[in-house]
Structures are given as C-alpha cells and as structure tokens.
Amino acid sequence: MESNEDVVVEICSDNGLRPLLEEGFDSKAFATRAIQNQVVGETLTKLSQGIIGLNEEIRSQIYTNHEDLLSQATGIESLEAVLKMMGSRVNSLNSSLDRINSRISDPYHKIVARTTQLARLQAACDLLRRVVRMLYLVKRLRSQVQGGSREITKVAQTFSEIDQLNQSGDLRGIEVVDSEKPWLNRTRREVETQAKKMLAQGMEYANPTQVGVAVQVFHNLGTLVDTVLATVKGCNDNIQRQTQDALNPATLTEGMPGPGRSPFPAIGMSASWKAALWTRIEKLTDHICKVYGQVNHLRVVLEKKRDPVSQISLIETIRETEAFELLTNFWIGIVDMLTVEFATTARASTHLNQLFEGDYPKLVRLFTYLPEYIHRHQSAAVATGNTYTAKSGDKDKDDFSRYEQMLLTIFAPFEKAYLSKSLTRLFDAVNQLFTPAAKPLPGKTELTSLTKLFQSELTTAGTSRPLAMVLVRNVEKAIKLFTMKCEELIATGGDAIQVSGPPNSAQLRNTHITNSLHAFSVAINEEMLAQSELSQPVASVIKNSVEVVERQRNGILSNFVARVSAVLEEMVSRMHEENFSGPIPNVPDPPCSAYMQEMHKFATRMTNEHLSKFQCQAVVMNQLLTVSSQVMDCFVAHVCLVRPLGEGGKMKVAMDLTQLELVLGLFCRGDVSRLGNPYKMLRAFRRLLFLAPENLLDTSTGVGSDLPYSHVLNQLFSRAPANLKSPHKSHTG
C-alpha cells in the first residue's frame, strides 16, 4: 500500500502527469497541450516511467495477495453452480404460472362476454321503457290538447316531461318516435303562441289569472327567462314607436290649415302646433306609465307564482339572470331610449329644439309623473311585503331620487340651454338695478319685484325636486351677484367711518347700500322663505344666500360701529385728565365730568345723525349692545385706576356713573340692564365706591362674582398713600 501511495504521490507532484488523475480527463486536450508546449519527448518519457512504475506495483500486489486472489476464484465457481440451480427452478415456476393463467383466463373471457350481453339487454330494456313512456306521453298530450286553453298548463307540463325524457337519452332514429315529432313540434308552437296571447291579454287588462297561467306554461316549457326578457323588450319597442310618433314633426301639422304638409307650423298656428305637441307628449307619458304598470304586474305575478315541485317563487328561479332586476332594467331601457329619441328629434328639427329649450320646465313636469308612478308601485310593494321588492324607507327614497335624476339626464341638453337663459334673465334683472340710468340704489319696490322674479323661476319647477334644486342654484348666483354689486359700491377709508360731523356722501352711500341689502333680505324672507311650498333643500340654499347678504350688511355696520366704540373708549380714557382729589363740593347737584358731557353729546349726535338713518334698527341695536358692553367694561377698568381719589372725587365718579347709564341708554333703548354682566359690574363698583377699605372684600357687595378682584385691588391702590404706586405705574417704571 505504501508503494502504491508513492506512485500516486509521484504522479500528483508532477505538473505534467497530474491531469491524468483528474475526473473528466481529455486525452486530446492533454496531447494538444504537450505539443503546444514542445515537451512531447519529455512527456512520453514520464508516461513510460509511470507505466513501468504502475506495472511493478501491480506485480507487487499480486505477489503479496496471491492467496486471497486464489480463494476468490474458487468462490466464483461455487456461485456459478448456485445460479444454474436457481435458473432451473425459475423455469419450473414459469411453467406453473402458464398452467394457472390458462385455467383463469377462460372463465374471465366468458364473464366479460356475458356482462356485455347483460348491459346491452339493459340498454335495450331502458330504451323500450322510454319509448313506451314517450308513446304514453304523446297519447296523453293528444287527449289534453282536445281540452283547449283550459288544459294548457297540463299540456305544458307534459311537454316538460317529454323534454326531460329526451334529455335522459337519444331517441333519434326510432321510427315510432320520429313519426310523432312533427306533430309535437307543431303542437308546441301552438301552445307557445296561445300562451303569448294569454300573457299579452293578461298584462293589457291586469288579469293575474291569465298572466299566472301564461308564466306557468313558459316555466314548464323551460322558456320563462327568454319569454320574460322578450316581453320586456317588446314593451320597450312599443314605447319607442310611440315616442317616435309623438315627436314626429311631420305629423304635427295634420289637420291644421297650411300649405302642403310642412313639418313646421304655419304663420299664426304656432300655439296650436305647440298644444298638439304637448298633448302628444302627455299621452306618451300616460302610455309609458301604462306599460310600466303592465311590466310591474308581470313582476308581481312572478313573485307570487311558485314552482309546483320546489315551491319557490318563479322570480327566484330566474334571480341569477337579467330578469331579476325587471323593473330597474325596464326603467333604464326607457331612459336610454328617450335620451336617444329626444336628442335625435332636436337635431332634426330646430323648431322642436327651441321649444324644448324654452319650455324645458313644462317638459320636465310632464315626465315628472313617471318617477311618482314608480314610487307608488314601490310603496305598494313595501306595503304588501313582497320578498324581492320590499325595501326600507331610506332605500325607497334613494331609489325615487335616483329615478328622478335618471329622468333629468334625458333632457340634459335642453336643461343646459334653459338654465343658461334663466341665469341670463336673472342677471339682467340684477344688472338693471345698478345701471347708471337707474337710481343710485334699488329701493323696496324694485327689490320686491326682483324677489318675485326669483319666485317665478322656482315656480316653473313644479313638483320636480331635482329641477327645483338646479333652478335655485341660479337664484343663489343672482343673489350673490346682487351682493357683489353692492360690495363694489361700498365706500372705504377714513371718510366712510368719520364721526366728527354729520354723515358725508360716502357714509350716506354706505347707509343706502346697507338699507338696500336689508330690504333685499327682508323681501326674500317674506316673498320666498315664507312660502310653504318650497322644499327643505331649496329653502336651505336660499337661507344660505340670505346669510351672505346679511353678512355683507352687518359688515358695513360693524365697521362704523367699531369706530364709534373706539371714540367712546378714547373719551373714557380722558377721565385721567380730570381732578378727583378735591373735597365734597357745597353745591347740591354737582355737575358730571367734562369728558362725560362730551360722551353724551357724541352719543346723542351719533344716534340722531348717523344710526337713525339705518332701516335695520334691530341689527343696529344688537351691535350697539356690544359697543355698550365694551364701553362699560372700559369705564370700570379706568375708574378703578383713578388716583388720588378724594371724597369729592367719589361724588364726581358717582355722577359720572349715573351719566354713563344715560349715555349708554341711548344705545340700549333706555334699558341698560340688558347689558347683563357689564351692568352688574358697574352697579357693584357703585356700591364699592363709598365703602371703607376694610369692607371692600365683603361678598355682599358683589366682589368676586360681579366685580373682578383685579378691579378691587386697583381701587385699593387708588386709596393708598402716594408713595405706594399703582401696579401699572410700578411696572412701567
């Protein structure tokens, strides 16, 4: 083993011979590489030496292990003897298997043959039974046909059994059966024709018995779904023909005097031509309602009629098909058809297009009856509790609104043109109020007329809620336009809020604008919102528009009132220029302070010269209440800071408090108590004014509840020695 390993190690250590030990050794590549490297002789020498070394190693291994090799050769001879014995036994086993196979295969083939014969016999018997059953059904069918329409349901049931028999096996090629097929096909067509007539008559006269018999016949014949869809399509086609006839301009002039058969109205016959068209459209809507009622009657019968075997309603048997949404699909088909027909007619006839655009509300009102009619049928379904049509109240309302919206899509082109004209009319009416030829600003009469125009536009919608919502958007735009026009005229700057003299031209203009806005909002509330026939959504839109008008009005007022409030507060701050340190005067009725007298004159002048010119006195009063509260708060805050405060100064402050109530009474209609908490604070300060310092915190005086503690502290500082500064002076240094 050691010598073997030495030979291998020697070959591996030689770079030229190492590839010989690698897996996938390629002799051609080895030779090519030796030739390219020009070591052919050297490589051959190494190979010869390697071969010699390997041969010597083999001889050495044979010499060393010859006893083991001899024993293995003897074992091979014993193995050959065992293999010969096993071969003889295998041959014996094969012969035994052949004998067994011959004994089993013969009975098996006989069984297969007998089984085939039995299967064929059974098939023949089954075929004979079906043929006999077919002949029996044909015989029974012949007797049922003799009964006429009274036996039509039984005839259809027999046909159903025949169809099931044909589906269970092929009976073609049997002469006795084939001979009956022409009569069966003819009879089947007659039954279908009779059932279709019965269905048409039942739907026409709303006879549930006839419709029920017809749908049962079609259910038995297996054509219920196709028949229902064909019936609904026929109803749609019928309405389409009626629509085309109603909108045909060539037939509108029949019976009217005029040259030839012109599709256009003759001179002087326009009113009659329009009346004839509206009469036709009204009849068309009545016809649509009638046909819809027929389809709904079919749907009701399908819900009530049940399969005699499974006891489920017939509409449930077709619920997976388009027929399950019978009424919805029918209505969608009507809407699509009317959309196409009206668009086609409008493109073909300019006169009809202009008529539909000009009288669009009337056109919508004529068709508004359709969603109402559908709504009544759905409500009836809810009342009867039908399985597949009963809906909740919210769902019912949603469907009604959806049907209305779908109806408006039919006349969308006419709606766009009409709304454009309507908006133009409203805008023109608003713009005329602001033309240079008109008065500076519209008065109550003009605004009432404008509001009545708004009301008349909404009245054209009738009971159509979607149309009313569209029209009210135009009214909303017109109201916003009026507000914008007023806003453009508003004077701004210092002249508009001056309070030093009588009203100037800018203030008078703002006053007129405020009065016009107020009169406009009042007119809308009285002429439109007070009308009970407005629906809640329409009234909500108008209310929002009125709020825009009132905000604009209140904005003009608030700017001026804010200036009045600022001047009054500035006058209150002048109390610090007064002397409140003197003793009690000897006069019985000492006068109030000069600043308070000035405030009284100012408030009187504002009330008489400025605020009285506004017509919206309730709004003015509300804003003046806010001003009065602010002035009263400001007065109490300032008077608590007054120092030094002598006994005479206290009397003077008391007179100022009384005068302040008189001044603010001008803004509160004489009732200052309407101010609430500010008035309570003023009264609490009056009680506090003459109390000793040790009694200032007595809760009965209103300290803490009516009068804040901060004001009480300032009042204490005002009574302190001069070397104890007030907080505001100490803070400012």
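Calculation rules
Residues numbered from 1 in each chain as written. Predicted model: local features only at pLDDT ≥ 70, side-chain atom pairs only at ≥ 80, totals over all residues. Heavy atoms only, no water. Helix = DSSP H or I, 4+ residues; strand = E, 2+ residues; numbered from the N terminus. Buried < 20%, exposed > 50% of the residue type's maximum accessible area, 1.4 Å probe, protein only. Contact = heavy atoms within 4.5 Å. Areas by Shrake-Rupley, 256 points an atom, 1.4 Å probe, with all protein chains shown as cover. Expected span 1.5 Å × (residues − 1). Phe/Tyr/Trp six-rings, centres within 6.5 Å; stacked < 30°, edge-to-face > 60°. Patch = residues over 30% accessible without salt bridge, like charges linked within 9 Å, V, L, I, M, F, W, Y side chains within 5 Å. Salt bridge = Lys/Arg side-chain N within 4 Å of Asp/Glu carboxyl O. pLDDT = per-residue confidence, 0-100. Polar contact = N/O pair within 3.5 Å; in protein donor to acceptor, adjacent residues only side chain to side chain. Core = buried A, V, L, I, M, F, W, Y, C linked by side-chain atoms within 4.5 Å. Axes fitted to C-alpha atoms, helices over the stretch in contact; angles between N-to-C directions. Parallel < 35°, antiparallel > 145°, perpendicular 65-115°, else oblique. Left-handed = near helix turned anticlockwise from the far one by under 90°. Nonpolar A, V, L, I, M, F, W, Y, C, P; charged D, E, K, R; others polar.

**What about the overall build of the chain?**
Point 1. When helices and strands are counted, the chain shows 26 helices and zero strands.
Point 2. By residue count, 40% of the 733 residues in the chain fall in the buried class.
Point 3. Taking as baseline every contact in the chain between residues at least 6 positions apart, the subset at least 24 positions apart corresponds to 75%.
Point 4. Carbon and sulfur atoms make up 55% of the accessible area of the chain, which totals about 40,600 Å².

**Focus on the side chain of glutamate 457**
Point 1. Examined against the element boundaries, glutamate 457 turns out to sit in helix α17 (residues 444-459).
Point 2. You can call glutamate 457 buried: its relative accessible area is 6%.
Point 3. Each residue touching glutamate 457, except ones within four places of it in the same chain, is listed here: Tyr418, Ser422, Arg425, Leu426 and Leu471.

**Concerning helix α5 (residues 152-168)**
Point 1. Here α5 spans 24 Å end to end across 17 residues, near enough to the 24 Å set by a 1.5 Å rise per residue.
Point 2. Ile152, Val155, Ala156, Thr158, Phe159, Ser160, Ile162 and Leu165 are the residues of α5 that are buried.
Point 3. On its buried face, α5 is in contact with α4 (66-145), α7 (181-204) and α8 (208-221).

**What to know about the packing of aromatic side chains**
Point 1. Per the stated rule, a full pass over the model turns up ten aromatic pairs.
Point 2. Between phenylalanine 342 and phenylalanine 367, the aromatic rings sit 5.8 Å apart at their centres with planes inclined by 80 degrees, giving edge-to-face as the arrangement. Highlighted residues: phenylalanine 342 in helix α12 (residues 326-348) and phenylalanine 367 in helix α14 (residues 360-384), separated in sequence by 25 residues.
Point 3. Note on phenylalanine 342: relative accessible area 0%, which makes it buried.
Point 4. Its relative accessible area of 0% is what places phenylalanine 367 among the buried residues.

**Some thoughts on a nonpolar patch on the surface**
Point 1. Nonpolar side chains collect at one region of the surface, where Leu93, Leu97, Ile100 and Ile104 lie side by side and expose about 390 Å² of accessible area between them.
Point 2. Mapped onto the elements of the fold, leucine 93 is located in helix α4.
Point 3. Among the residues examined, leucine 93 registers a relative accessible area of 51% and is labelled exposed.

**A closer look at the confidence of the model for the chain**
Point 1. Counting all residues, the mean pLDDT for the chain is 82, and 88% of those residues have values of 70 or more.
Point 2. At the level of individual helices and strands, the chain shows its lowest average pLDDT in helix α1 (residues 2-13), which scores 64, and its highest in helix α20 (residues 536-572), which scores 92.

**Re helix α19 (residues 505-529)**
Point 1. Its 25 residues place the ends of α19 35 Å apart at the C-alpha level, agreeing with the 36 Å of an ideal helix rising 1.5 Å per residue.
Point 2. By the N-cap criterion, in which a side-chain oxygen at the helix start approaches the backbone nitrogen of a residue two or three places on, α19 is capped by asparagine 504, the distance to alanine 506 being 3.2 Å.

**Concerning the side chain of serine 628**
Point 1. With respect to the secondary-structure elements, serine 628 resides in helix α22 (residues 617-639).
Point 2. With a relative accessible area of 0%, serine 628 lands in the buried category.
Point 3. Setting aside anything within four residues of it in sequence, one finds serine 628 in contact with Leu664, Phe667, Cys668 and Leu675.

**Some points on the pattern of salt bridges**
Point 1. Counted by the stated rule, this structure contains 21 salt bridges.
Point 2. In this structure, arginine 129 engages aspartate 126 in a salt bridge whose closest nitrogen and oxygen atoms are separated by 3.6 Å. With arginine 129 and aspartate 126 both in helix α4 and three residues apart, this pair spans about one turn of that helix.
Point 3. The class of arginine 129 is exposed, set by a relative accessible area of 54%.
Point 4. On the basis of relative accessible area, aspartate 126 is assigned to the partly exposed category, the value being 30%.
Point 5. The salt bridge involving glutamate 161 is made with arginine 133; its shortest N-O contact spans 2.9 Å. Linking glutamate 161 in helix α5 with arginine 133 in helix α4, this pair joins segments that are 28 residues apart in sequence.
Point 6. Given a relative accessible area of 34%, arginine 133 falls into the partly exposed group.
Point 7. Via salt bridges that share partners, Asp126, Arg129 and Arg130 belong to a single interconnected network.

**Overview of the nonpolar core**
Point 1. Judged by nonpolar contacts, the single largest core of 115 residues is most densely connected at Leu302, Phe342, Phe356, Phe367, Phe411, Phe454 and Phe482.
Point 2. Ranked by residues supplied to this core, first place goes to helix α10 (residues 270-304) with 13 residues.
Point 3. Those residues in contact with phenylalanine 356 that lie beyond four places of it in its chain are Leu247, Leu277, Trp278, Ile281, Phe342, Leu363 and Phe414.

**Thoughts on the environment of glutamate 570**
Point 1. Considering the arrangement of structural elements, one finds glutamate 570 in helix α20.
Point 2. On the accessibility criterion, glutamate 570 (37% relative accessible area) is partly exposed.
Point 3. Remark: the alpha-carbon pair of glutamate 570 and methionine 599, spanning 29 residues in sequence, is separated by 9.9 Å.
Point 4. A distance of 2.9 Å separates polar atoms of two side chains, one belonging to glutamate 570 and the other to arginine 574.

**Here's the deal with the packing of α10 against α12**
Point 1. Where α10 contacts α12, the axes come no closer than 10 Å and their chain directions differ by 160 degrees. As summarised for this structure, α10 and α12 are arranged roughly antiparallel, according to the angle between their axes. Remark: the crossing between α10 and α12 carries right-handed chirality. Where α10 approaches α12, its residues Ile288, Val291, Tyr292, Val295, Asn296, Leu298, Arg299 and Leu302 are matched on the opposing element by Leu326, Leu327, Phe330, Ile334 and Leu338.
Point 2. Residue composition of the contact of α10 with α12, by class: eleven nonpolar, one polar and one charged.

**Details of the packing of α20 against helix α21 (residues 594-610)**
Point 1. As a packed pair, α20 and α21 sit with axes 9 Å apart at the nearest point and diverge in direction by 165 degrees. Classified by the angle between their axes, α20 and α21 sit roughly antiparallel to one another. The interaxial crossing formed by α20 with α21 has right-handed handedness. Along its contact with α20, which presents Phe560, Val564, Val567, Leu568, Met571 and Val572, the element α21 presents Tyr595, Glu598, Met599, Phe602, Met606 and His610.
Point 2. Taken together, the residues of the contact of α20 with α21 break down into ten nonpolar, one polar and one charged.

**Considerations on unusual backbone geometry**
Point 1. Look at alanine 206: it is not a glycine, yet its phi comes out positive at around 55 degrees.
Point 2. Relative to the elements of secondary structure, alanine 206 occurs in the loop between α7 and α8.
Point 3. Assessed through its relative accessible area of 46%, alanine 206 is described here as partly exposed.

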